[in-house]
Amino acid sequence: SPLSVTEGRQLIDKLLGPGNGVAGTLKKGVVARAEGNPFYAEEIVRMLLDHQVILRKNGRLHVISRAAEILDEIPGTIRSLILARLDQLSEGPRRTLQKAAVLGTSFPIRLLWGINGTTPDDVATHLKVLEERQFLVPSSFGAERGYAFRHTLVQQTVYNTLLKRDRQKIHQQAAAAIEKGNLGFQQERVEALAYHYAEGVKPTKAVPYLITAAENAARRGAHEITIQHLRQAWSLMGASPKDWDEQRLHVAICLGEALKLVGEYAETRRLLEGAIERMGHPDPAESPEQLSLRIKGIRELADVQAREGRL
């Protein structure tokens, strides 16, 4: 729920410090403009700081004469305000921030080096500016030094400023850098590769990583996450019957198993029956892997029928 006027004033006092007269009038204007939204209030203050119309000297707030004019010009929505602040950045920091947004709400600095196309020193300079402007905050990323966006909405808004083809290119670069650099823990690495390849130029490269991520989630008993990964892999592999290869059969049977565990029996039965039908009659030349897959499909189908009472 929105902050009360009193709470809004307390927040602005915390952000800006003491100040009466012109400063007090400006703070009241910020409270009124924010309408109880604390994140919007923070972004208004950051915008005023970006324009250097409010300064803190000796612990007190000093207001430049243009501050009220700038406050009146501030956009009326948070997203518009974030975009206005983004436009205030010079080309280098803005481009670095856009690439960081593709990496997610938090990211290791080393990964940003791998996709930025500039030197580590340039990246460090840009990150310092972005930290001073309060777009990013330092954050550990496992054993890596990293950064995080101050708010998910900032990351989403900046991400959406990129054209789709540019986003896809950066996602592809990120996936290649993760594979090459072996960043993060193994489980996080697999999920990051699945995400970036799925959003990249060649989405089908995400399929093996989505399958591995689904298997990891299944071992943790995270059935909904397992289903989400397998559905995405299924979608990326294509829906044409001619696309039914051993990998697709494997995904269908694993997805059926996960759906069974959350009670989606009808969809489970449809998937498993389709997979078993595609396998055809048993062949003495089947590999051990194919035979194991066939047995698993039949066993899962029998189990779901038993759960439905179709003994």
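Criteria and cut-off values
Residues numbered from 1 in each chain as written. Predicted model: local features only at pLDDT ≥ 70, side-chain atom pairs only at ≥ 80, totals over all residues. Heavy atoms only, no water. Helix = DSSP H or I, 4+ residues; strand = E, 2+ residues; numbered from the N terminus. Rg over C-alpha atoms; globule rule 2.2 N^0.38 Å. Buried < 20%, exposed > 50% of the residue type's maximum accessible area, 1.4 Å probe, protein only. Contact = heavy atoms within 4.5 Å. Areas by Shrake-Rupley, 256 points an atom, 1.4 Å probe, with all protein chains shown as cover. Lys, Arg positive; Asp, Glu negative; His and termini not counted. Charge placed at Lys NZ, Arg CZ, Asp CG, Glu CD. Core = buried A, V, L, I, M, F, W, Y, C linked by side-chain atoms within 4.5 Å.

Turning our eyes to something else, we now look at the overall build of the protein. Looking only at helices and strands, the protein features 16 helices and five strands. For the protein, whose C-alpha radius of gyration is 26 Å, the value lies well above the compact-globule estimate of 19 Å for 311 residues. With respect to the principal axes defined by its C-alpha atoms, the protein has extents near 90 × 45 × 35 Å. When the 311 residues of the protein are sorted by exposure, 42% land in the buried category. Residue pairs in contact within the protein that sit at least 24 positions apart in sequence constitute 60% of those at least 6 positions apart. Working note: accessible area of the protein is about 16,500 Å², and carbon and sulfur atoms make up 50% of it. Averaging the positions of the 42 positive and the 37 negative side-chain charges in the protein gives two centres separated by 5 Å.

Of all hydrophobic cores here, the largest spans 84 residues; its most connected members are Ile44, Leu48, Leu97 and Leu136. Per-element accounting of this core gives the leading share, eight residues, to helix 14 (residues 246-261). When residues no more than four places from it in sequence are discounted, the contact partners of leucine 48 are Leu26, Val30, Val53, Ile54, Ala67, Ile70, Leu71 and Ile74.

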